[in-house]
Amino acid sequence: MRARIAPKIKLQKHIADRLLLAVDLAGTFVFAVGGAMAGIRSHLDVFGVMVVSFASAAGGGIIRDLLIGAVPPASIRDRRYALAAFAGGAVVFFLHRYVGEIPYPMMIGFDAAGLALVAVSGAAKALDHKIDPFMSVLLGAISGSGGGTIRDVLLTHVPAILRVDVYAVAALAGAGVMVAGIQRGLPRNVMMGVGFAVCFLLRVVSVWRHWNLPTVSGP
Amino acid sequence: MRARIAPKIKLQKHIADRLLLAVDLAGTFVFAVGGAMAGIRSHLDVFGVMVVSFASAAGGGIIRDLLIGAVPPASIRDRRYALAAFAGGAVVFFLHRYVGEIPYPMMIGFDAAGLALVAVSGAAKALDHKIDPFMSVLLGAISGSGGGTIRDVLLTHVPAILRVDVYAVAALAGAGVMVAGIQRGLPRNVMMGVGFAVCFLLRVVSVWRHWNLPTVSGP
Amino acid sequence: MRARIAPKIKLQKHIADRLLLAVDLAGTFVFAVGGAMAGIRSHLDVFGVMVVSFASAAGGGIIRDLLIGAVPPASIRDRRYALAAFAGGAVVFFLHRYVGEIPYPMMIGFDAAGLALVAVSGAAKALDHKIDPFMSVLLGAISGSGGGTIRDVLLTHVPAILRVDVYAVAALAGAGVMVAGIQRGLPRNVMMGVGFAVCFLLRVVSVWRHWNLPTVSGP
């Protein structure tokens, strides 16, 4: 069967792989930015900020890759993930001196973009590894929220995934829409875009609407 | 050698596999119930409760499977684990509105049953993967207490495994009795029952006896 | 190519493997001592101390082995790691009754030695598994600080890796010097010694110099 793959399909596979890598690296950078912002708000020094950036950025993808059996994980095998994470951390660390305190909406926006990118690419990679579609949607949400959860655990906060109503839910919705579309034969790249939009918008709108609601917090 | 396995042994293997799966799914459900109770006590909303249920229920087994090299872990490969976890979480979330606050002894009983089920099935699965018997006992304890530890870390509590005297010890005792019996040629299914009883009783009795002792807490 | 390995090279490989094992076991013991000290300072009982000892001692190596795809991890496959960890925990638990409170500089010294041993052996093992040199240095730091990070998370402290200026940096420096030397063809065992010395001295000296500096803490 493998030998019969037509060159055109091979090329499409190659483009899909490169798109997945690009999305994954973009998500890594954006999550590193969010992690670095949280680190600076917790008054960490430059090294602590870099650690939190890397953990936030690579954590979700590493958990996903360990769970689907793709070892060594992409962000260990390929140094570009670590470089993207450190670049995100460094940009925040050196820019924030000029721009003062980073506004909260910007943090939310960056985090929502990272969540959407990583949830979508995480679910797509799980499907590629022949994981059940239902579990692939969960893996999208786990990879989307895993890095932020590690970040919050390291900073001894109750993780955002537990505090915030529509965080995991946004990731599930985005990954779910994408997986459902792919299962129905719709084009993969289009569905990745749709899944990204669903997750990002749902997350941002939910923050806007719930702005003044009391947050649910631990005891 | 494989071709010489008699049908009877094959059938016994099949029954043993199904028993291990049933025990594992029951442990998953019960741990999800315990996780959901802890989530409700921490005033999480329905989504947070589901996250804590899944993490509590699947966490120990996932750690065990990663450590013994059984990837993707059973609870990622087989969607029934996630469904059992979400069922446990949903039962608690929707029942607790009717029964009011869940009494502490019931939480302890559920948690002890989950600990015993998962410790026993965790050690048995490690033996199946040719892990050293001593380490299999430890892996039983790790899989029994891993989910609860993840739950406590997410809720920023000092984990029960460190606060509570006879938690890890009960899991070690149950798994240890089972592994010792199997190593001496006693029937596997019987030893799983004995191991379960040892762990469950040791845990429940220890809570009863130590009821009024000051808890050991972090600084 | 494999069949052409000369007996002398085979013997050197054997010696290198045994050295790596010895360094790894020594690091395990020393990290267990540090973990047990932290456990006693947090007023844990003997079982909690053993759990923290094992988690501190084996945690970094287990994370490293999962990330480089060496499963089951060494400390699960080989019971000597667990025994070294429990020995370290037991020595501290039973000695500290005689020596009273363990002085802080001794804790720092032990922890620095563990950090150096595990950072160096972690980076060397990553190189052996054909991991990119840059990522191998990071993996040395991750395996050096992973156990302590798990310890701090379990005790609900903000991890030392975030609080302390030159912790991860010392591990990176030691692993980096070692990997750079090996890449340039210098003898592996010599470079492991140099890497150990760089990491240990950098860590100890930094604690001495920064003794009275305010610690960077979470919010």
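Scroll up to find the structure this text is about.
Residues numbered from 1 in each chain as written. Chains lettered and ligands numbered in written order. Predicted model: local features only at pLDDT ≥ 70, side-chain atom pairs only at ≥ 80, totals over all residues. Heavy atoms only, no water.

Participant: Would you mind going over a nonpolar patch on the surface with me for this structure?
Facilitator: Together, Phe29(A), Val91(A) and Leu95(A) line one region of the surface with nonpolar side chains, adding up to about 240 Å² of accessible area. Along the chain, Phe29(A) falls in helix H1 (residues 7–41). (Patch = residues over 30% accessible without salt bridge, like charges linked within 9 Å, V, L, I, M, F, W, Y side chains within 5 Å. Areas by Shrake-Rupley, 256 points an atom, 1.4 Å probe, with all protein chains shown as cover. Salt bridge = Lys/Arg side-chain N within 4 Å of Asp/Glu carboxyl O. Helix = DSSP H or I, 4+ residues; strand = E, 2+ residues; numbered from the N terminus.)

Participant: Quick question: what am I supposed to make of the packing of helix H6 (residues 133–154) of chain C against helix H8 (residues 168–183) of chain C here?
Facilitator: Each pair of packed helices can be summarised by the angle the axes make with each other and by the distance between the axes. Residues and elements named next belong to chain C. At their nearest, the axes of H6 and H8 sit 8 Å apart, and the two run at 145° to each other. H8 is crossed by H6, and the crossing has right-handed handedness. In this structure, H6 contributes Pro133, Val137, Leu138, Gly140 and Ala141 to the contact, and H8 contributes Ala168, Ala171, Leu172, Ala175, Gly176, Val179 and Gln183. Taken together, the residues that form the contact of H6 with H8 break down as nine nonpolar, three polar and no charged. (Axes fitted to C-alpha atoms, helices over the stretch in contact; angles between N-to-C directions. Left-handed = near helix turned anticlockwise from the far one by under 90°. Contact = heavy atoms within 4.5 Å. Nonpolar A, V, L, I, M, F, W, Y, C, P; charged D, E, K, R; others polar.)

Participant: Would you take a moment to explain unusual backbone geometry for this structure?
Facilitator: Across residues other than glycine, the phi torsion is negative in most instances, and most of the peptide bonds are trans. Residues and elements named next belong to chain A. The linkage connecting valine 71 with the following residue, proline 72, adopts the cis geometry, with an omega of -10°. By the element assignment, proline 72 lies in the loop between helix H2 (46–68) and helix H3 (74–77). At histidine 43, a residue that is not glycine, the phi angle is positive and equals roughly 60°. By the secondary structure assignment, histidine 43 is in the loop between H1 and H2.

Participant: Help me out: how do you make sense of the packing of aromatic side chains in this one?
Facilitator: Ring pairs (aromatic) are described by centroid distance and by the angle formed between their planes. Residues and elements named next belong to chain B. Applying the stated rule across the entire model yields nine aromatic pairs over all chains. For the pair phenylalanine 196 and phenylalanine 200, a centre-to-centre distance of 5.9 Å together with 5° between the ring planes defines the contact as stacked. With phenylalanine 196 and phenylalanine 200 both in helix H9 (residues 188–209) and four residues apart, this pair spans about one turn of that helix. With relative accessibility at 25%, the residue phenylalanine 200 sits in the partly exposed group. (Phe/Tyr/Trp six-rings, centres within 6.5 Å; stacked < 30°, edge-to-face > 60°. Buried < 20%, exposed > 50% of the residue type's maximum accessible area, 1.4 Å probe, protein only.)

Participant: Is there a simple way to think about the interface of chain B and chain A in this case?
Facilitator: Quite often, the size of an interface is put as the accessible area lost when its parts meet. The interface is formed by 25 residues belonging to chain B together with 25 residues belonging to chain A. Of the roughly 2000 Å² buried where chain B meets chain A, counting both sides, 77% is carbon and sulfur surface. Counting every contact that joins chain B to chain A gives one salt bridge. A salt bridge links Asp132(A) to Arg79(B); the shortest N-O distance between them is 3.1 Å. Put simply, chain B and chain A have one residue pair in polar contact (both at pLDDT 80 or more) between them. Counting residues per element, the ones that place at least two in the side of chain B that touches chain A are helix H2 (46–68), helix H3 (74–77), helix H4 (79–99) and helix H6 (133–154) of chain B. Among the elements that make up the side of chain B that touches chain A, the one with the highest residue count is H2(B) (seven residues). Of the residues assigned to the side of chain B that touches chain A, the class counts are 17 nonpolar, six polar and two charged. (Buried area = accessible area lost by both parts, 1.4 Å probe. Polar contact = N/O pair within 3.5 Å; in protein donor to acceptor, adjacent residues only side chain to side chain.)

Participant: Please clarify how the relation of the copies chain B and chain C should be interpreted in this entry.
Facilitator: Between the two copies of the chain lies a relationship made up of a rotation around an axis and a movement along it. By a simple turn and slide, chain B fits onto chain C: the slide is 0.0 Å along the axis, the RMSD is 0.0 Å, and the turn is 120°. Here the copies are linked by what is in effect a three-fold axis. The residues that chain B uses at the interface reappear at the interface of chain C in only 15% of cases, marking distinct surfaces. (Least-squares fit on C-alpha atoms with pLDDT ≥ 70 in both.)

Participant: What's the story with the relation of the copies chain B and chain A in this structure? I'm lost.
Facilitator: Here chain B sits on chain A after a turn of 120° about the axis and a move of 0.0 Å along it, with an RMSD of 0.0 Å. An overlap of only 16% is found between the interface residues of chain B and their copies at the interface of chain A, pointing to separate contact surfaces.

Participant: So what exactly am I meant to see when it comes to H2(B) here?
Facilitator: In an α-helix, one full turn covers 3.6 residues, which means residues spaced three or four apart are oriented alike. Residue and element names in this part refer to chain B. The terminal C-alpha atoms of H2 lie 33 Å apart, and with 23 residues this matches the ideal 33 Å at 1.5 Å per residue to within 8%. Of all bends in H2, the biggest is about 45°, found at alanine 58. The element H2 is extensively covered by neighbouring structure, given that 19 of its 23 residues are classed as buried. Backbone geometry just after H2 places glycine 69 at a positive phi near 80°. (Expected span 1.5 Å × (residues − 1). Bend = angle between axes of the 7 residues up to and from the residue.)

Participant: Looking at this structure, how should I read the interface of chain B and chain C?
Facilitator: The partner chain C presents 25 residues to the 26 residues of chain B that form the contact. Buried surface at the junction of chain B and chain C, both sides included, amounts to about 2000 Å², of which 77% is carbon and sulfur. It is Leu67(B), Met135(B) and Leu162(B) in chain B that bury the most area against chain C; as a group they hold 29% of the surface buried on that side. Applying the counting criterion to the chain B and chain C interface returns one salt bridge. Our enumeration of links across chain B and chain C arrives at one residue pair in polar contact (both at pLDDT 80 or more). Contributions of two or more residues to the side of chain B that touches chain C are made by H2, H6, helix H7 (160–163) and helix H8 (168–183) of chain B. Residues that form the side of chain B that touches chain C fall into these classes: 18 nonpolar, six polar and two charged.

Participant: How do you make sense of the side chain of Asp111(C) when you look at a structure like this?
Facilitator: Residue and element names in this part refer to chain C. Assignment of secondary structure puts aspartate 111 in helix H5 (residues 104–128). Using a relative accessible area of 11% as the deciding quantity, one classes aspartate 111 as buried. With near-sequence residues (within four places) excluded, aspartate 111 lies in contact with Phe31, Arg151 and Tyr167.

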